[in-house]
Amino acid sequence: MAEQKTVLSPIPGVFYRKPAPDKDVYVKEGNTVKTGDVLAMVEVMKNFYEIKAETDGVLAQFFVEDEDLLDAGQEIAVIIEQ
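Please read all numbers here as calculations on a predicted model, not as lab measurements.

Quick notes on the rules
Residues numbered from 1 in each chain as written. Predicted model: local features only at pLDDT ≥ 70, side-chain atom pairs only at ≥ 80, totals over all residues. Heavy atoms only, no water. Salt bridge = Lys/Arg side-chain N within 4 Å of Asp/Glu carboxyl O. Helix = DSSP H or I, 4+ residues; strand = E, 2+ residues; numbered from the N terminus. Buried < 20%, exposed > 50% of the residue type's maximum accessible area, 1.4 Å probe, protein only.

## Focus on the pattern of salt bridges
By the definition in use, this model includes three salt bridges. With a closest N to O distance of 3.5 Å, Glu54 and Lys5 form a salt bridge. Placement of Glu54 in the loop between β5 (47-52) and β6 (57-62) and of Lys5 in strand β1 (residues 4-8) is noted, with a sequence separation of 49 residues between them. Under the relative-accessibility criterion, Glu54 is labelled exposed at 61%. Assessed through its relative accessible area of 31%, Lys5 is described here as partly exposed. Between Lys46 and Glu43 there is a salt bridge whose closest N-O contact spans 3.8 Å.

Here it is in structure tokens:
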């Protein structure tokens, strides 16, 4: 049975699924991801921090929407490990 890995926000800030308003999202639900792939960004005081996959698998679901405010440790997404 496949394991689930929850992706957590490392810091509080504003969540973004794409690098710029006119760009596509980094990854869509159902996409395969590899360790180190960028899943999203968190903005804190005009500084942007990448949220990267910590395991190989399929991004099953995002729990937050674009531009949501995040707390440190908040669940962002879940990856089904492969």
